[in-house]
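Here's the letter readout for the chains.
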Amino acid sequence: CSQFWILKEEGNKHFQAGQIDNAIDCYTKAIKSCKDKSVLAVIFRNRSACYLKKENYNNAASDASRDAKDIKALYRRCQALEKLGKLDMAFKDVQRCATLEPKNKTFLETLRRLGADIQQKTTFSTDSRVQNMFDILLSEELDSDKKEKAANNLIVLAREDAGAERIFQNNGVPLLLQLIETGKPEMVLAAVRTLSGMCTGHKARATAIVHLVGIDKLCSIMGVDTEEIVLATGNLFQCVYDALTGADKRDYGKEEALVMDSTRDLKAILMALLSVLNSKKVSGHGRDQALNLLNKNVPRKDKKNQDHSKTLFTIDNGLKKILKVCGQIPDLPDQLPLTENTQLIASVLLNKLYDDLRCDPERDNFRDICDEYIKGSFDPNDMDKNIHAINTLSGLLQGPFDVGNALVGKQGVMEMIVALCGSEREIDQLVAIEAIIHASTKMSRASFMITNGVSLLKDIYKKTKNDKIKIRALVGLCKLGSAGGDDYSMRQFAEGSTEKLAKQCRKWLCNPSIDARTRKWAVEGLAYLTNDADVKDDFVEDEAAMRAMFELAKSPDKTILYAVACILVNCTNSYEKKEIIPEMVQLAKFSKQHVPEQHPKDKKDFIERRVKRLLKGGVISALAVMVNADSTLLTDQTKEMLSRVFLALSEDPKDRGTIVAQGGGKALIPLSLEGTEKGKAKASHALAKIAAISNPEIAFPGERIYEVVRPLVNLLQSDKEGIENYEALRGLTNLSALSEKLRVKIIKEKSLPEIENYMFEENDQIRQAATECMCNLVVCKDVQERYMEDGNDKLKLLVLLCSEDDEKLQIAAAGGLAMLTAAQKKLCTKVTLTVQWLEILQRLCLHDNPNIQHRGIVIAYNMMCAGEELAKKLIESELLEILSVVAKLEDQPRKQPAIDAARTCLSKALDLGLIKPFS
C-alpha cells in the first residue's frame, strides 16, 4: 500500500493548492490501489470534499455515506444533501453531529438554519396546497372526482391545528364562503365541515368565523332540506359554541383581550337558534337541529352550578316559540315544516328547561307563560286555533307533566277536549284523543280519566270507521287499562279485555297498508298493555308483530324509541322490582292493606322463554340501531331501559354468542359510558358477562376493546353488588390475558387497589376471580414495583393464598408468584419473610394437581437462581427429596412440565455445587 500513501499525499497537496480535478484523480487512483476499508474511508471523505467544491453534490453525498459514523463525513453529507434540496435528511445528519459535539458552533448554526428553512418550506408547501385545493373546488371545468378529492383533503387538513391555521391565514374563510354560495350540496358540505375543523378548540378562529360568515348565514345553511348539510351545520354550531364557552384552553398572549369576552356572540347564537324555531323558511331537519342544540347547551349539565341564566333567557325569549312548535298540526295548511321527531324533541326541551329552574317564582313564571299562551289560543269561532291549543297541551304533557296536568284541570280545557272528540272533523278527534292519552300518564290522572274518559273513548272506538281515530282511541283504552302496572290484583278492566285490546294492536301493527305514523300508535298501546303477563306471552309468540315492531324501531321516526323500550322491559321483566319481605306481606294482610300479586306468567321459566323468543325474533339488531340513534329523543331514561333489556338478554351464557354476533357488544359500550348511574351499571354488567366468557377480540373488534375497560373497572366499586364485582373481575381477567397494551390500560384506570382489596374478600368466587386477574397483571413492571415496595403485605398475601384448599385459587396465586419471582430476584428474598413459606412451597411441589405442582417447582427454581444462600437453604430442606422424587418419574404428558422443571432445579443445584452426581 506504499503507492496508496503517495497518491493520498499528492491528492492533499492538489486540494490545498485549489487544483480540485487533480486531487480527485489522485484520490480515485488511491482508492483503486488499496482494499483496506478503514483506510479507504479517509480517502472517500477527502474526495467528498472535492466534489463539494465542484458542486457535484450527488457524488459528494455518495462518498460521504461510505463512513457515516465519522463526524466530518457526516457533516459533508449534510452539506451535499442541503444543496440537493433534501432538507429533512440534511437536518437529521447535522442533528447527529450536534449531539456528538454539542459545543461546535458550526453544527449548531447549521442546525438552526436548516430548522428554519424546513419550517418555511413546509409552510410554503401547505399554503400552495391550500390554494391549489380552492382552485380545483372553484373551477368550472374540472371533473367531480378531482373536486371530491380536493374537498376531502381540505377537511382532513382543517382537522389539524397547523393546517387549520394555514387555511385561515390564506384567506380561507372568504374562499369557503364562495364554495357555500355555489349552492352545490357537495361544495356546501365540504365548506361547512372545513369550518368545523377550523373552529374546534380554537376560540380566536371561532370568533373570527362567527363575524366573517355571520350567524344568520349559518342559520340559513342549517335551514336547508338536505339532512347531511343540516347535521354538518349543527356540528359547526356546536364546535363554535364549545370554543366560545371555554373548551379552548390555549394561551393567546397579546391576543387574549381580543378573544376573551364571547358573551355577546353566545347570546347572538342563542337568539338566532330561537328565531329558527318559528321560521317557515327552515326545513323540519333544520328545526330539529336547532332544538337539539338548545337541548344540549342551554340547561345546566351539573345542578351544582348556580348559573342557569341561559335557561331563564331562553324562557323569556323563546318559551312561546317552543310552544308554537309543539302545537303545530302537520295536516292543516300554513304550518311550520316538521319531521316525525320535531314535536317530541320540543317537549324534551320544555321538560329540561322546567327541570333546570331553581325556585317556585321561576316555575310559576313558566306555568303562567304556558297558561297565557294556551288560553290565548282558544277561540270559539276558530276550531284550528283550538286544536293548536290542545296539541300544545299534549306537548306539555309529554314534557313537564306537572305543568300540563295543572292546565288540564283549568276550567274549559276538559270541556274543549270532549267537544273535539264529538267533532265530525277527523283531525279534531285525533288531537283530542292524543291529549287524553298523554293526560293519562300518571296513575292519579288515570283514575280521573277512568271516571270521565273511558266511556268517551269506548264510544269513539265503536262508532268510528276511521282506522287512525280507532287506533288512538284503542291506545287510550290500553293506557287506562294498564294503570295498575304489573299488579295482577289491580286490573282496571274485566278478565280478557286487555288481551283483546292487545290483539287488535298487534293486528294493526302487522298491517303494511296502514301508514307508519298510525302503526306507531299500536306500539304505544302495547307499551302499556304489556304490563299484563298474558299480553307479554301472546306478543312474543306473535313473531310477525315482533318483527314489525323491530322494523319500526329501525325507522327514522325516533319518537317510537321509548315505547319499544317499554315493551322490551316489560317482556323481559327487567324493570325495577321492590323486594317483597314475607313478614311485611303478612302485616299488610293483617291490617287489610293492599298487597301486590305476581302474575303466574311472571315467574322465572316464563321470563326465560320470552327472552329466547325475543332473541330469535331479532331483538339485538333492533337494539343496536336504537342505541346508535343520534337524537335528543334517546333520553337517559330510554338508555337505562335499553341497558336493562341487554342485561336480561345476556343472563344465559348460551345466548351471549348470539348477542355478540348481532352487534350487541358494540352497542353496549356507549350505554355503559353515558346515561343514568343505574343505566350505566346495568350496561357495564352486561358487558362484563360477555367479556367474561367470549373472545374479546371478536366481541369488541379493533380499538373498541380498549373502551370496554373503564365500564368494567367502574363495576369494582364497593357500592356495587357482589355478582357485578365478580363478573367484572372475570371480564378483566380475560382482557388482561390478551396484550400488554390492554394490561397497561387496566392499570391506568386505577383498578389495582380495588383488585387487591377483592383478593381479601370472604366470598371464595370473588377472591378467586381477583387473584386470577392479578396473576395476569403481574407481568407489568408497574405491578411488580408495587410488590417490591417496602412496608406492604401484598407478596405475603399471595404466598398465603397458595396454601388455600381451593385448587383454582391455588393455581392463580402460585402462577402469579411464579411470574413475580421470575421477573424480580428481590422478591425471591421477600418470599422468605412469610411465616411457613417453606412449608407452603413444599406443599405446592407435592400437590396432586400437576398444574399446581409445576408452578410450585418453578417458584423453587426462581428462588435458587436468585442467590446461592437462598438456594442452599432450599436444598438443605426436604425440598431436595421432593425434587428428586419428581425428577425420577417416568416421562408422562400429564406431569411432564413438572418433571422437566424438577430436573432443571437439580441441574441448577449441581451447577452451584450444592449437590454432587452419583458416581
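All values reported here derive from a predicted model rather than from experimental measurement. (Residues numbered from 1 in each chain as written. Predicted model: local features only at pLDDT ≥ 70, side-chain atom pairs only at ≥ 80, totals over all residues. Heavy atoms only, no water.)

Moving on: the overall build of the protein. When its secondary structure is counted, the protein shows 55 helices and zero strands. Expected size for 919 residues packed as a compact globule is a radius of gyration near 29 Å; at 38 Å, the protein overshoots this value by more than 25%. Projected onto the principal axes, the alpha-carbon positions of the protein cover approximately 120 × 85 × 50 Å. In the protein, buried positions account for 53% of the 919 residues. (Helix = DSSP H or I, 4+ residues; strand = E, 2+ residues; numbered from the N terminus. Rg over C-alpha atoms; globule rule 2.2 N^0.38 Å. Buried < 20%, exposed > 50% of the residue type's maximum accessible area, 1.4 Å probe, protein only.)

What follows concerns the pattern of salt bridges. Applying the stated criterion across every chain, the model contains 43 salt bridges. Across the salt bridge formed by aspartate 371 and lysine 375, the nearest N and O atoms sit 3.8 Å from each other. Taken as a pair, aspartate 371 and lysine 375 lie in helix H20 (residues 360-377) at a separation of four residues, close to a single helical turn. Residue glutamate 551 is joined to lysine 554 by a salt bridge in which the shortest nitrogen-to-oxygen separation is 3.8 Å. Lysine 554 sits in the partly exposed class, given a relative accessible area of 31%. A network of salt bridges, in which partner residues are shared, links Asp161, Glu165 and Arg205. (Salt bridge = Lys/Arg side-chain N within 4 Å of Asp/Glu carboxyl O.)

Moving on: the packing of helix H32 (residues 561-572) against helix H34 (residues 604-617). The geometry of H32 relative to H34 is characterised by a closest axis approach of 8 Å and an angle of 140 degrees between their N-to-C directions. Of the possible angle classes, the one that applies to H32 and H34 is oblique. Within the contact between the two elements, H32 uses Leu568, Cys571 and Thr572 and H34 uses Ile607, Arg610, Val611 and Leu614. (Axes fitted to C-alpha atoms, helices over the stretch in contact; angles between N-to-C directions. Parallel < 35°, antiparallel > 145°, perpendicular 65-115°, else oblique. Contact = heavy atoms within 4.5 Å.)

Low pLDDT marks stretches whose predicted atomic positions should not be read closely. Averaged over all residues, the pLDDT of the protein equals 86, while 91% of them reach at least 70. This model gives residues 252-258 a pLDDT under 50, and the stretch forms six contacts once residues within four places in sequence are excluded. Contacts from residues 484-492, a stretch scored under 50 in pLDDT, to residues over four places away or in other chains number 28 contacts. (pLDDT = per-residue confidence, 0-100.)

Moving on to the side chain of asparagine 341. Counting through the fold element by element, asparagine 341 comes out in the loop between helix H18 (309-326) and helix H19 (342-355). Its relative accessible area of 10% is what places asparagine 341 among the buried residues. At 3.4 Å, the side chain of asparagine 341 and the backbone nitrogen of threonine 559 are in polar contact. Those residues in contact with asparagine 341 that lie beyond four places of it in its chain are Asp288, Pro556, Asp557, Lys558, Thr559 and Leu633. (Polar contact = N/O pair within 3.5 Å; in protein donor to acceptor, adjacent residues only side chain to side chain.)

Within the secondary structure, isoleucine 669 sits in helix H38 (residues 664-673). In this structure isoleucine 669 comes out as buried when scored by relative accessible area, which is 1%. Separated by 153 residues in sequence, isoleucine 669 and alanine 822 have C-alpha atoms that sit 37 Å apart. When near neighbours in sequence (up to four residues on either side) are disregarded, isoleucine 669 contacts Leu687, Phe700, Arg704, Glu707 and Val708.

When we look at burial in helix H53 (residues 868-875), the residues that qualify are Leu870, Ala871, Leu874 and Ile875. Along the axis of H53, the buried residues cluster in a sector spanning 135 degrees; they form a single face. Residues of H53 that are buried in the fold lie against helix H50 (825-831), helix H51 (837-845), helix H52 (850-866), helix H54 (879-887) and helix H55 (896-911). (Arc of directions from axis to C-beta.)

Let's shift gears to unusual backbone geometry. Even without being a glycine, glutamate 55 presents a positive backbone phi close to 65 degrees. Here glutamate 55 is to be found in the loop between helix H3 (37-53) and helix H4 (57-64). Phi is positive for lysine 750, close to 60 degrees, though the residue is something other than glycine.

With the rule as written, the count across this model stands at two aromatic pairs. Each ring, one from tyrosine 75 and one from phenylalanine 107, has its centre 5.1 Å from the other, and the planes form 50 degrees; the classification is tilted. With tyrosine 75 in helix H5 (residues 71-83) and phenylalanine 107 in helix H7 (residues 105-138), the pair connects residues that are 32 residues apart, well separated along the chain. A cation over an aromatic ring shows up here: arginine 66 above the ring of phenylalanine 44, its NZ or CZ 4.4 Å from the ring centre. In this structure, lysine 470 packs its charged tip against the face of tyrosine 461, placed 4.5 Å from the ring centre. (Phe/Tyr/Trp six-rings, centres within 6.5 Å; stacked < 30°, edge-to-face > 60°. Lys NZ or Arg CZ within 6 Å of the ring centre and 35° of its normal.)

Attention shifts here to a negative patch on the surface. A cluster of acidic residues, Asp143, Asp145, Glu148 and Glu186, forms a negative patch on the protein surface. Here aspartate 143 is to be found in the loop between H7 and helix H8 (144-158). (Patch = residues over 30% accessible without salt bridge, like charges linked within 9 Å, V, L, I, M, F, W, Y side chains within 5 Å. Areas by Shrake-Rupley, 256 points an atom, 1.4 Å probe, with all protein chains shown as cover. Lys, Arg positive; Asp, Glu negative; His and termini not counted. Charge placed at Lys NZ, Arg CZ, Asp CG, Glu CD.)

With that settled, consider the packing of H18 against H20. Their axes nearest at 10 Å, the elements H18 and H20 cross at an angle of 30 degrees. Of the possible angle classes, the one that applies to H18 and H20 is roughly parallel. The element H18 and its partner H20 pack so that their crossing is right-handed. Seen from H18, the contacting residues are Leu312, Ile315, Asp316, Leu319, Lys320, Leu323 and Lys324; seen from H20, they are Glu362, Asn365, Phe366, Ile369, Cys370, Glu372 and Tyr373. A per-class count over the contact of H18 with H20 returns eight nonpolar, one polar and five charged. (Left-handed = near helix turned anticlockwise from the far one by under 90°. Nonpolar A, V, L, I, M, F, W, Y, C, P; charged D, E, K, R; others polar.)

Within the secondary structure layout, histidine 308 lies in the loop between helix H17 (284-297) and H18. According to the relative accessible area criterion, histidine 308 is buried, its value standing at 7%. Polar contacts involving the side chain of histidine 308 include one to the side chain of glutamate 362, which spans 3.0 Å.

Here we come to helix H28 (residues 497-509). Over its 13 residues, H28 runs 19 Å from end to end, which matches the ideal 18 Å to within 8%, given 1.5 Å per residue. Taken residue by residue, H28 has Thr498, Glu499, Leu501, Ala502, Cys505, Arg506, Trp508 and Leu509 as its buried positions. (Expected span 1.5 Å × (residues − 1).)

Before going further, it helps to examine the environment of isoleucine 690. When you line up the elements, isoleucine 690 lands in helix H39 (residues 677-693). With 35 residues separating them in the primary sequence, isoleucine 690 and aspartate 655 have C-alpha atoms 9.7 Å apart. Not counting residues within four places of it along the chain, the set of residues in contact with isoleucine 690 comprises Arg656, Ile659, Val660, Leu668, Ala699 and Phe700.

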